[in-house]
Amino acid sequence: QVQLVESGGGLVEAGGSLKLSCTSSGRGFSTTVMGWFRQDSGKEREFVAGISWYGSVPAYADSVKGRFTISRDNAKNTVVLQMNSLKPEDTAVYYCAARPGSALVQTRTDWYNYWGQGTQVTVSS
């Protein structure tokens, strides 16, 4: 079993920055694809960013490219989402997701086996 715990959400003004962290309790973290998704009220959960084994191949949604950066520290079982130049439309609950034993990032929510509880990000205008 894998347990994911997110932290770092909060309230920030437009143009500001936040850093989200996700720590995994599962074994084999270095061979697990990690992803970040978000869901605003009344909308479907959407892919934000993902990172492959050893951090070699990150992927981003077009809406966050150039503003968000995903990274991982396999020694600490942690994946981080650095969010800069935040916009009000980035407001959502952000979820960490994991797919153990896979190589490349996928953007479908149903591909991931494990999910965190979510952390709220609110960007005021």
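In the block above lies the structure referred to throughout.
Below is a summary of the structure that appears in this document. (Residues numbered from 1 in each chain as written. Predicted model: local features only at pLDDT ≥ 70, side-chain atom pairs only at ≥ 80, totals over all residues. Heavy atoms only, no water.)

Take the state of the cysteines next. The full count for this structure, using the stated rule, is one disulfide. The side chain of Cys22 participates in a disulfide bridge whose partner is Cys96; the two sulfur atoms lie 2.1 Å from each other. The S-S bond linking Cys22 to Cys96 shows a torsion near -80°; that makes this disulfide left-handed. Linking Cys22 in strand 3 (residues 18–24) with Cys96 in strand 9 (residues 92–100), this pair joins segments that are 74 residues apart in sequence. (Disulfide = S-S within 2.5 Å. Helix = DSSP H or I, 4+ residues; strand = E, 2+ residues; numbered from the N terminus.)

A word on the sheet that holds strand 1 (residues 4–7). Sheet architecture is open: four strands sit in the order 1-3-8-7, paired in antiparallel fashion. Edge positions in the open sheet fall to strand 1 and strand 7 (68–73), since each of these has one partner strand only. Each strand axis lies, on average, 15° off the axis of its neighbour in the sheet, ignoring direction. As defined by bridge partners, strand 3 adjoins strand 8 (residues 78–83) across six bridges and the pair is classed as antiparallel. Following the sheet pairing, Cys22 is matched in strand 8 by Val79. (Pairing = 2+ DSSP bridges. Axes fitted to C-alpha atoms, helices over the stretch in contact; angles between N-to-C directions.)

This part covers the pattern of salt bridges. Tallying each qualifying case throughout the model produces five salt bridges. The residue Asp90 makes a salt bridge to Arg38 at a minimum N-O spacing of 2.9 Å. Of this pair, Asp90 sits in the loop between strand 8 and strand 9 while Arg38 sits in strand 4 (residues 32–39), and the two are 52 residues apart along the sequence. For the residue pair Asp90 and Arg38, the accessibility class agrees, reading buried in each case. For Arg67, the salt bridge identified is with Asp90, shortest N-O distance 2.7 Å. Taken as a pair, Arg67 in the loop between strand 6 (58–60) and strand 7 and Asp90 in the loop between strand 8 and strand 9 lie far apart in primary sequence, 23 residues in all. Each member of the pair Arg67 and Asp90 is classed as buried. Connected through shared salt-bridge partners, Arg38, Glu46, Arg67 and Asp90 make up one network. (Salt bridge = Lys/Arg side-chain N within 4 Å of Asp/Glu carboxyl O. Buried < 20%, exposed > 50% of the residue type's maximum accessible area, 1.4 Å probe, protein only.)

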